[in-house]
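# A structural walkthrough
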Amino acid sequence: MTTTTAPRKTTKAAPKAEPANAFGGESSETLRGYYRDMLFIRRFEERTAQSYQQAKIGGYCHLNLGEEATVVGLGAAMRPTDYLFTNYREHGYALAKGIEPGRVMAELYGRATGTSKGWGGSMHMYDTATRLLGGYAIVGGQVPLAIGAALAIDYRGGDDVVVCQMGEGTTNIGAFHESLNIAALWRLPVVFLVINNQTGMGTTVEKSSAEPDLYKRAAAYRMRGERVDGTDVLAVREVAGELIEAARREGKPALLEAVSHRLKGHSVVDPAKYRTEDAVATARAHDPIALWHDRLLEAGVLTEQSVADIEAEVAESVAAAVEFADSSPHPEPSSLFDYNYATPVPGDSRRLPADPLFTF
């Protein structure tokens, strides 16, 4: 069953004359904390793009620009022990899950201090301690694996929840539907989060999905489906929190569609020439950080001085992450195969490129 037909939003910020508790009694510290976290992801990703252009980062690289409110809102809704599976646009999620920024940047730089020892790069963040279980480059590759993790939790009688994040294009592949079906049949503790930035690579949702209201796909599996304004951090936290706790307490899986706008191209090297000027202007008008900044200023939660202080602190933290990555060692070639298997496998080949097939 679907329960919402339009993005859910929190109450608009109060006029300047009204107190900061216009946000439903939220503490000013919490609200400012969300602003800081969103801004940190923005500046981290902007610095990532710069490092890519400087050839310090290789391979493919996809940024969370425009998705920051969803990332931070989801992080606030999850327990530290909950599991998160993501697609390849995951740097912000790694930060929100609590991984040290230096380790995230080091992985982007391909350094041994990174989350995947420098062998994964941008699309393969992984950290057992914070329960971020990927980072998957194949579209939809994470969805069946998330189901497996949810099944393991259920089998062991745990109370953790799996959140499986994906882009809107993933909702058109077979594994998506198969996984929702299994989750509903077996009442698994999993929430599927679809990031609908309205442009799957270079194609609009309307031109690729017969049903562009993606949350409605939950109805085919008698699963709860919700759509939320992905530019509103409080709305995301509220709705995601409801669905996560229902999955935790009652074993009710759910589908959450967060609607936002991608501020840049699909990847760092995509100039996004397929987008019209109107589409670009619309995306900029829905910048979640600018919207949140204005709401907090209007409510008196932020001041121009506190904004400047946060900007300075964020800049320092990003610079420290870059310095850590820059000064970290490259992985040794001999460690390339160390994590192919969880346990030793007979006949495991560790031959490197250009190594002889046979020795005499």
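Residues numbered from 1 in each chain as written. Predicted model: local features only at pLDDT ≥ 70, side-chain atom pairs only at ≥ 80, totals over all residues. Heavy atoms only, no water.

The criterion, for reference: UniProt positions are given in the numbering used here, feature names are shortened, and annotations may be inferred rather than shown by experiment.
The name an unreviewed UniProt entry gives the protein is Pyruvate dehydrogenase E1 component subunit alpha, with Nocardia pulmonis as the organism. Here the protein is described in UniProt, under the heading Function (unreviewed entry), as follows: "The pyruvate dehydrogenase complex catalyzes the overall conversion of pyruvate to acetyl-CoA and CO(2)." Regarding the protein, the UniProt comment filed under Subunit (unreviewed entry) reads as follows: "Heterodimer of an alpha and a beta chain."

### Topic: the pairing of strand E2 (residues 162-167)
Using the following cut-off: Relative accessibility decides the category of a residue: with a 1.4 Å probe and only protein chains considered, values under 20% of the type maximum give buried, values over 50% give exposed, and everything between is partly exposed. For helices the rule is a DSSP run of H or I covering at least 4 residues; for strands it is a run of E covering at least 2, with both sets numbered from the N terminus onward. A pair of strands is treated as paired once DSSP finds two or more bridges between them. A clockwise course of the path from the first strand over the helix to the second, judged with the strands pointing away from the viewer, identifies a crossover as right-handed.
Among the six residues that make up E2, six are buried, leaving the element largely enclosed by the rest of the structure. Here E2 shows no split at all, with Val 162, Cys 164 and Met 166 on one side and Val 163, Gln 165 and Gly 167 on the other all buried. Pairing of strand E1 (residues 83-85) with E2 involves three bridges; the strand directions are parallel. Within the sheet, the bridge partner assigned to Leu 84 lies in E2 and is Val 163. Direction of pairing for E2 relative to strand E3 (residues 190-196): parallel, over a ladder of six bridges. From the neighbouring strand, Cys 164 faces E3, where its bridge partner is Phe 192. Once the chain exits E2 it traverses helix H6 (residues 174-186) before rejoining the sheet at E3, and the crossover so formed is right-handed.

### A look at the pairing of strand E6 (residues 224-229)
In terms of burial, E6 is a largely internal element, five of the six residues being buried. Where E6 meets strand E7 (residues 254-259), six bridges bridge the pair, whose relative direction is parallel. Within E7, the position partnered with Arg 227 by the bridge is Glu 257. For the handedness criterion, the β-α-β arrangement of E6, helix H8 (residues 233-250) and E7 is classed as right-handed.

### Considerations on the sheet that holds E1
Counted only if it meets this: Convention adopted: a line fitted to C-alpha atoms gives each axis, helices being fitted over their contacting stretch, and angles between N-to-C directions are expressed from 0 to 180 degrees. Any two residues whose heavy atoms approach within 4.5 Å at even a single point are treated as in contact.
The five strands lie next to each other as E1-E2-E3-E7-E6, forming an open sheet whose pairing is parallel. One side of each edge strand has no neighbouring strand; the edge strands of this open sheet are E1 and E6. Neighbour to neighbour, the strand axes of the sheet diverge by 20 degrees on average, direction disregarded. Strand direction decides the pairing type here: E3 and E7, joined by six bridges, are parallel. When the bridges of E7 are listed, Val 191 appears paired with Ala 254. Where helix H5 (residues 142-156) meets the sheet, it contacts E1, E2 and E3, and its direction lies at approximately 170 degrees from that of E2. Across the sheet, H8 touches E2, E3, E6 and E7, and the angle it forms with E6 is around 160 degrees.

### Quick notes on the UniProt feature "domain: Dehydrogenase E1 component" (unreviewed entry) in the protein
The positions UniProt marks with the feature "domain: Dehydrogenase E1 component" (unreviewed entry) are residues 37-333. Measuring from the first to the last C-alpha atom of residues 37-333 gives 36 Å, for a span that is 46% helix and 11% strand.

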